[in-house]
Amino acid sequence: MDQRMSEQQTTSSPVDRDTGKAATQRAPSSRPAWSKDTESGSAGDQATAAGDIVFDVRDVSVHYGSAPALVNVSLKIRQREITAFIGPSGCGKSTFIRCFNRTNDLIPTAKVSGRINYHEQDLYAKEVDAVEVRRRIGMVFQKPNPFPKSIYDNLTFGPKVNRMKVNLDEVVETSLRRAALWDEVKNKLKQNAYSLSGGQQQRLCIARALTVDPEVILMDEPCSALDPIATAHIEDLMRELERDYTIIIVTHNMQQAARVSDRTAFFTAEVESENNDRRFGRLVEIGDTSMIFSNPNDKRTEDYISGRFG
Ligand SMILES: Nc1ncnc2c1ncn2[C@@H]1O[C@H](COP(=O)(O)OP(=O)(O)OP(=O)(O)O)[C@@H](O)[C@H]1O
Ligand SMILES: [Mg+2]
């Protein structure tokens, strides 16, 4: 396939409002172990732009059985940014975020078509190990889901399963510090994780995701079960983590998207035809968060963020 041709096709998409921030501010991307060697020494701009992009999603659709849940989505996710997915219930946000670490593979009826490149490697290629994908691209869910084990065991589970040659005590401390939880739990690491508050449990789940050294963290409504103070903690934490990680967050909270994200993608649910009530999600637009919230391209985005729809 001609890489450049398909690049041009996707970047000319009317929904892509990529403003092209200076790529030189970012560290070079780490390439996945399964990645084929890609062309080096190509034109400077192109090479840097590619390094700045973690995911390049091209024309992705997801069906459950024969029912479409999400159709023809193309967008790019930039390194060390927070990208928010917003849109009304049922428009396919959770379905879509699961595509990024292949957790849709675990749903027998789900079928993903199109292409998602992760550092220029097809994430769904046969030779790609889905377990390794989920190590590099971690996930945090709506409801905190610590294992019914001690705080310490929650954090050493991933490194042990992945046979990582690391000092476990160090991993526990580092991940808890990064998740801004160390001071609260350092004297009770042997206590059951369920003894923590909901907000602490969610930070523990974020810490657990960090223990296996991921590059990307996917968060599907990570604050929806939390009170405003615990939510503020997680939002502060996200801004800290953004320095080292690429984050995608699904949120129903417009203020949260506006507060934490660099870029926002707005999805909507369309009715398939007048004759049936089947709905499927579609990307309306993606752009810098400040633009999406102050001056969106599409009237549907404006209606949604101003609360007139959805
Ligand atoms: N496991 C599944 N099996 C069958 N259909 C599913 C499955 N998960 C989601 N769907 C369908 O796919 C569509 C999109 O659902 P999804 O959960 O992705 O939406 P969402 O935007 O995350 O909604 P919400 O904001 O309520 O969380 C819906 O029509 C839903 O019924
Ligand atoms: Mg959802």
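If you're wondering where the values come from, they're calculated on a predicted model, not measured in any experiment. (Residues numbered from 1 in each chain as written. Chains lettered and ligands numbered in written order. Predicted model: local features only at pLDDT ≥ 70, side-chain atom pairs only at ≥ 80, totals over all residues.)

> Give me the lowdown on the environment of Ile-137, citing residues and values where you can.
Here Ile-137 shows up in strand S6 (residues 137-140). In the structure, Ile-137 is positioned 36 residues away from Asn-101 in sequence and 5.7 Å away in space, judged by C-alpha atoms. Apart from the residues within four sequence positions on either side, Ile-137 is in contact with Phe-100, Asn-101, Pro-214, Glu-215, Val-216 and Leu-218. (Helix = DSSP H or I, 4+ residues; strand = E, 2+ residues; numbered from the N terminus. Contact = placed C-beta atoms within 7 Å.)

> Outline the site of ligand 1, supporting the account with residue identities and numerical values.
Around ligand 1, the structure places Tyr-64, Ala-69, Ser-89, Gly-90, Cys-91, Gly-92, Lys-93, Ser-94, Thr-95, Ile-107 and Thr-109. Top contributing element to the shell around ligand 1 by residue count: helix H3 (residues 93-99), with three residues. Looking at side-chain class alone, the shell around ligand 1 contains four nonpolar, six polar and one charged residues. (Near = placed C-beta within 6 Å. Nonpolar A, V, L, I, M, F, W, Y, C, P; charged D, E, K, R; others polar.)

> Help me get a handle on the confidence of the model for the chain, residues and values and all.
The pLDDT averaged across the chain works out to 85; a share of 83% of its residues lies at or above 70. Taken as a whole, residues 1-31 scores under 50 in pLDDT and shows 35 contacts with residues more than four places along the chain or in a different chain. (pLDDT = per-residue confidence, 0-100.)

> Give a description of the pairing of strand S7 (residues 216-220) that names residues and reports values.
Most of S7 is tucked away: five of the five residues are buried. Across the two faces of S7 the burial is the same, with Val-216, Leu-218 and Asp-220 and Ile-217 and Met-219 all buried. Of the strand pairs in this sheet, S6 and S7 are connected by four bridges, and their pairing is parallel. Across the sheet, residue Ile-137 finds its bridge partner in S7, namely Val-216. Pairing between S7 and strand S8 (residues 246-250): five bridges, direction parallel. Its bridge partner lying in S8, Asp-220 is registered against Val-250. As a crossover connection, the stretch from S7 through helix H9 (residues 228-241) into S8 is right-handed. (Buried ≥ 20, exposed ≤ 12 C-beta atoms within 10 Å, placed from the backbone. Pairing = 2+ DSSP bridges. Right-handed = clockwise from strand over helix to strand, strands pointing away.)

> Let's hear about helix H5 (residues 151-161): which residues, and what values?
Note that an α-helix has 3.6 residues per turn; residues three or four places apart therefore point the same way. Of the positions making up H5, those classed as buried are Ile-151, Asn-154, Leu-155, Thr-156 and Gly-158. Where H5 is buried, its residues contact helix H6 (168-178), helix H7 (182-185) and helix H8 (198-210). Looking one or two places after H5, you find Arg-163, whose phi comes out positive at around 50°.

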